[in-house]
Amino acid sequence: MNVLRRLLSVLLVLGAVALLPVALAGSWLDRTVTDTDTYVATVAPLADEQTVQDSVRVRTQAAVVSALDPSERRRAQVEDAVGAAVRAVLASPEWPDLWRAANRAAHETMMDALEAEAGEPVPVRVDLAGVVRATLDLLRERGVPVGRDVRAGAVEFEVADSSDLDRARSTIQRVDEVGVWVPVAAAAALAVALVVSPLRRRTTVVAAVLALPALGLLALGMLGARSVLEAVADPGEQRELGLAVWDALVAGLWRDVAIAAGVALAVLLLALVLPRKRRGRGAPDRAWGDQAQTGAISRL
């Protein structure tokens, strides 16, 4: 009977460990990536990052200068004026709101695209037209001759193209289907394994030991995904901005992995520190004494 209980507990522990990376990734995806409010709150601090501001400044300055189309004699002067105006906009209290609004619109477009039919060309971009308008308005205030009919080109950063959305669509749909059931199933499998196991301490240690390489595989997958993003992204400010957004989004998943690894290590440490329960040495002696006394009484 104990053999069957041990076998069942081992199988349940293996199932729980196999589900652990899926549970963490699915929970992060549902909590951070697919929820618009959480997504915007996660990427909002990037407005203060110098890398993001430099990427926005370069593209906005190029778009505004191209729209003004200055002569060669005045190009350097116009570029300086536009650059100063863009930097002023990015340093103003208006910039964080413009960044949040652009990312909210991009995320809503992405979620609509993920719910659309596969194959529909719906690229997702962060449109920073608000920064261009604010720059043009500031140039007018500073006396730079900018006509009201001037229209600068689009200042956009592509978040995902149609092929990326096609690959992500099935994953997002599976996450929506399973919901919280994967984390619940992992926790339930581990709980049942501890209940049926005749050696609960050893089962707990085995689960903690196996959880560490499982978390390591998840961490390697995250590093690999970042490497792929860095390799396929267009060089320049597009790549820098994309990596900054990626790092901000997966920071929550890294935190979850660190917490899970910390819990596993704490369990192992407690297993090494806490003393094991031992049977009292007097128990066999008492049993032998009882049998001897019973035999003596029977002889009487």
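What you are looking at is a predicted structure, and each value in this text was computed from that prediction instead of being measured. (Residues numbered from 1 in each chain as written. Predicted model: local features only at pLDDT ≥ 70, side-chain atom pairs only at ≥ 80, totals over all residues. Heavy atoms only, no water.)

Participant: Report on the overall build of the protein, specifying residues and quantitative values.
Facilitator: A tally of regular secondary structure across the protein gives 11 helices and two strands. Along the protein, from the amino end to the carboxyl end, the secondary structure elements read α-α-α-α-α-β-α-β-α-α-α-α-α. Within the protein, buried positions represent 34% of all 300 residues. In the protein, of all internal contacts separated by at least 6 residues, the share reaching a separation of at least 24 is 82%. (Helix = DSSP H or I, 4+ residues; strand = E, 2+ residues; numbered from the N terminus. Buried < 20%, exposed > 50% of the residue type's maximum accessible area, 1.4 Å probe, protein only. Contact = heavy atoms within 4.5 Å.)

Participant: For the pattern of salt bridges, give the residues involved together with the corresponding values.
Facilitator: Here the structure, examined in full by the defined rule, presents seven salt bridges. Here Asp54 and Arg57 are joined by a salt bridge, their closest N and O atoms 4.0 Å apart. Of this pair, Asp54 and Arg57 both sit in helix H3 (residues 50-68), three residues apart, which is roughly one turn of that helix. Residue Arg57 is classed as partly exposed on the basis of its relative accessible area, which comes to 23%. Among the ionic pairs, Glu230 bridges to Arg226, the shortest N-O distance being 3.7 Å. One end of the pair is Glu230 and the other is Arg226, both in helix H9 (residues 200-232) and four residues apart, which spans about a single turn. Residue classification places Arg226 among the partly exposed positions, given a relative accessible area of 25%. Salt bridges sharing partners connect three or more residues here, namely Arg226, Glu230 and Asp247. (Salt bridge = Lys/Arg side-chain N within 4 Å of Asp/Glu carboxyl O.)

Participant: How would you summarise helix H4 (residues 75-90) if you had to cite specific residues and measurements?
Facilitator: The terminal C-alpha atoms of H4, which comprises 16 residues, lie 22 Å apart, in line with the 22 Å expected from a rise of 1.5 Å per residue. All of the buried residues along H4 are Val78, Val82, Gly83, Ala85, Val86, Val89 and Leu90. Within H4, the buried residues cover an arc of 165° as seen down the axis, which keeps them to one side. Structural note: H4 exposes Gln77 and Asp80 on the side pointing more than 90 degrees away from its buried face. (Expected span 1.5 Å × (residues − 1). Arc of directions from axis to C-beta.)

Participant: Explain a nonpolar patch on the surface to me, using residue names and the numbers behind them.
Facilitator: Among the surface-exposed residues, Leu7, Val10, Leu11 and Leu14 lie close enough to one another that they form a single nonpolar patch of about 380 Å² accessible area. Secondary-structure assignment places Leu7 in helix H1 (residues 2-33). (Patch = residues over 30% accessible without salt bridge, like charges linked within 9 Å, V, L, I, M, F, W, Y side chains within 5 Å. Areas by Shrake-Rupley, 256 points an atom, 1.4 Å probe, with all protein chains shown as cover.)

Participant: I'd like to hear about the environment of Arg239, residue by residue, with values.
Facilitator: Take Arg239: it is sitting in helix H10 (residues 237-273). Exposure remark for Arg239: the relative accessible area of 24% places this residue in the partly exposed category. Taking the C-alpha atoms as reference, Arg239 lies 9.4 Å from Phe157; in sequence the two are 82 residues apart. Residues within four places of Arg239 in sequence aside, it is in contact with Glu230, Ala233 and Asp234.

Participant: I'd like a rundown of the environment of Leu90, residues and numbers included.
Facilitator: Positionally, Leu90 belongs in helix H4. For Leu90 and Val131, which are 41 residues apart along the polypeptide, the C-alpha to C-alpha distance reads 8.1 Å.

Participant: Which residues make up the confidence of the model for the protein, and what values do they have?
Facilitator: Residues at a pLDDT of 70 or more form 78% of the protein, whose mean pLDDT is 81. Per-element confidence in the protein ranges from a low mean pLDDT of 44 for helix H11 (residues 282-299) to a high of 92 for helix H2 (residues 36-43). Per-residue pLDDT stays below 50 along residues 281-300; that stretch engages in zero contacts with residues further than four places along the chain or on separate chains. (pLDDT = per-residue confidence, 0-100.)

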